[in-house]
Amino acid sequence: ALKEKHGWYWPNQFENEANAWVHRQTTGPEILQAMEGLKLDWFVCAYGTGGTIKGVGQVLKDKSPHTKVLLCEPSNAPVVYSGIKTEYTTDGSITKESHPVFRPHLLQGWTPDFVPKMVEDSTEQGLYDELSHVSGAEAVAASQELARSEGIFSGTSGGGVLAVALRKAKELPAGSNMVVMLPDTGERYLSTPLFDDVPADMTAEEKAYFDSVPATTAFPQPLPQPNDEGRQVVRDFIATDTVSIVAMESCEFCWTIFKFLKAIGVSYSSLNFDALEYAPGNKGNVIRACTQELTGEVTFPQVFVDGKFIGGAADACIKWKKGELQPLLEAAGVKPPVGDNGDWNGYGGDPFEFLPKWMTKNPLRTK
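If you're wondering where the values come from, they're calculated on a predicted model, not measured in any experiment. (Residues numbered from 1 in each chain as written. Predicted model: local features only at pLDDT ≥ 70, side-chain atom pairs only at ≥ 80, totals over all residues. Heavy atoms only, no water.)

(A) The overall build of the chain, seen in detail. Each helix and strand in the chain was counted, giving 12 helices and 8 strands. By the compact-globule yardstick of 21 Å for 367 residues, the chain is too spread out, its C-alpha radius of gyration being 30 Å. Counting only C-alpha atoms, the chain reaches 80 × 60 × 40 Å along its principal axes. For the chain, the proportion of its 367 residues judged to be buried stands at 41%. When the accessible surface of the chain is totalled, it reaches about 20800 Å², and 54% of it is carbon and sulfur. (Helix = DSSP H or I, 4+ residues; strand = E, 2+ residues; numbered from the N terminus. Rg over C-alpha atoms; globule rule 2.2 N^0.38 Å. Buried < 20%, exposed > 50% of the residue type's maximum accessible area, 1.4 Å probe, protein only. Areas by Shrake-Rupley, 256 points an atom, 1.4 Å probe, with all protein chains shown as cover.)

Have a look at this one:
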């Protein structure tokens, strides 16, 4: 139904020959070009869909037949090594059941719970010479060491391939040349066990480094003096809506109040003084200066309910937790009707969830 409605299609990367084709056109020739003048003894890679091993493998067998190919898979999900084949369907669903030796593993992007058709093709066509295995722990250790020693930020799948390649390199004669495919970047793994040993806060050693250098501050940004035109703009804006917020487009604390009000079903208007339209003549900073003059506060956002200043994002969250914001909003007439979701749009969470998670004083901070 979604296919017909949106014109979508299922590319089926595990069986679509375009996957291997693009590696025959690009990756394989690029490897040979990079190694021109050198003997390429081994090529090492893992498999996900099988496109790399099939496409590059075909190029190497044709153009560099002396090159050996080493294929990797997780040691706790050795679906190819098991010899148990996957029965492929004809309805586009790939297979009807999970491979019997598949287990969850740390090599994200590797080895699905079936033998991809292009991997099976690679096996049948003899496109790889050896099959090797690596554990999640080995992959994590190799990835971390690669970052420490070489400054290459790879994830566990890259670390897994590297661990297998280093193991193989110990068996090879001196002077052997090997190309190792690291298929990812460490940025994709920040929430995985790869970073379990990296605390959210600075370690004592890092803190010592931080304290050892002179403190730096941002250059001061002078504000213009408030003027009558700017004061009128601020007054007019505050009067335009029951809940009015003077804010900035690119400010996490401004996003906090926006998300929170949306969650509880309260509509609002915002004046973002850093918007492009307020750049000419420094008008945005005039608005900022006039708002600060009005409230006596220098931080943003600044929230007004029924024309009265109630504070910033954190203030609104605290007032809600204390039960003080609800009557203010209700008295102002902006409490949403009780619907199927319940009171206040059904919101029953902690508004601190909308504050930036890097705040050390945020009790809901991600550790």
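(B) Representation of the packing of helix α5 (residues 136-150) against helix α6 (residues 156-169) within the structure. Direction vectors running N to C along α5 and α6 enclose 95 degrees, while the axes themselves pass 7 Å from each other. Judged on the interaxial angle alone, α6 and α5 are roughly perpendicular. Facing α5, whose interface residues are Glu 138, Ala 139, Val 140, Ala 142, Ser 143 and Leu 146, α6 presents Thr 156, Gly 159, Gly 160, Leu 162, Ala 163 and Arg 167. Taken together, the residues of the contact of α5 with α6 sort by class into 6 nonpolar, 4 polar and 2 charged. (Axes fitted to C-alpha atoms, helices over the stretch in contact; angles between N-to-C directions. Parallel < 35°, antiparallel > 145°, perpendicular 65-115°, else oblique. Contact = heavy atoms within 4.5 Å. Nonpolar A, V, L, I, M, F, W, Y, C, P; charged D, E, K, R; others polar.)

(C) Structural view of the side chain of Ser 154. Within the element layout of this structure, Ser 154 appears in the loop between α5 and α6. The exposure class assigned to Ser 154 is buried, which follows from its relative accessible area of 3%. Of the polar contacts made by the side chain of Ser 154, one reaches the side chain of Asp 184; its length is 2.9 Å. Apart from the residues lying within four places of it in its own chain, the contact partners of Ser 154 are Ser 143, Leu 146, Gly 159, Leu 182, Asp 184, Thr 185, Gly 186 and Leu 194. (Polar contact = N/O pair within 3.5 Å; in protein donor to acceptor, adjacent residues only side chain to side chain.)

(D) Here's a closer look at the side chain of Glu 73. For Glu 73, the location among the structural elements is in strand β2 (residues 68-74). One buried charged residue, Glu 73, forms no salt bridge at all, with the nearest opposite charge on Arg 167 at 11 Å. A polar contact is formed between the side chain of Glu 73 and the side chain of Tyr 47, at a distance of 2.7 Å. When sequence neighbours within four positions are dropped, the list of residues in contact with Glu 73 reads Tyr 47, Pro 78, Val 79, Val 80, Tyr 81, Trp 110, Thr 111, Leu 131, Ser 132, His 133 and Val 134. (Lys, Arg positive; Asp, Glu negative; His and termini not counted. Salt bridge = Lys/Arg side-chain N within 4 Å of Asp/Glu carboxyl O.)

(E) Examining helix α11 (residues 313-321) more closely. Buried within α11 are the following residues: Ala 313, Ala 316, Cys 317 and Trp 320. Angularly, the buried residues of α11 cover 100 degrees about the axis, an arc narrow enough to put them on a single face. Check the buried side of α11 and you find it contacts α9 (252-263) and α12 (325-331). (Arc of directions from axis to C-beta.)

(F) The arrangement of the packing of aromatic side chains in detail. All chains considered together, the criterion is met by 11 aromatic pairs. With a centroid separation of 5.0 Å and an interplanar angle of 70 degrees, the aromatic rings of Phe 14 and Phe 114 are classed as edge-to-face. With Phe 14 in the loop between α1 (2-6) and α2 (17-34) and Phe 114 in the loop between β2 and α4 (117-124), this pair connects stretches of sequence that are 100 residues apart. Residue classification places Phe 114 among the buried positions, given a relative accessible area of 7%. (Phe/Tyr/Trp six-rings, centres within 6.5 Å; stacked < 30°, edge-to-face > 60°.)

(G) Spotlight on the packing of α9 against α11. Two elements in contact, α9 and α11, have axes whose closest approach is 8 Å; the angle formed by their N-to-C orientations is 35 degrees. Of the residues in α11, those touching α9 at Phe 253, Thr 256, Ile 257 and Phe 260 are Ala 313, Ala 316, Cys 317 and Trp 320.

(H) Spatial organisation of the pattern of salt bridges. Tallied over the full model, the rule gives 16 salt bridges. Across the pair Asp 350 and Lys 321 runs a salt bridge, and its minimum N-O distance is 3.0 Å. With Asp 350 in the segment after α12 and Lys 321 in helix α11, this pair connects stretches of sequence that are 29 residues apart. Via salt bridges that share partners, Glu 17, Lys 54, Lys 117 and Asp 121 belong to a single interconnected network.

(I) Structural detail: the sheet that holds strand β7 (residues 302-305). Strands sit in the order β6-β5-β7-β8 across an open sheet of 4 strands; the sheet is mixed. Every interior strand has two partners, whereas the edge strands, β6 (269-272) and β8 (308-311), have only one. On average, adjacent strands in this sheet sit at an angle of 25 degrees to one another, irrespective of strand direction. Pairing analysis gives 3 bridges linking β7 to β8, with the strands arranged antiparallel. Bridge pairing links Phe 304 to Phe 309 in β8. (Pairing = 2+ DSSP bridges.)

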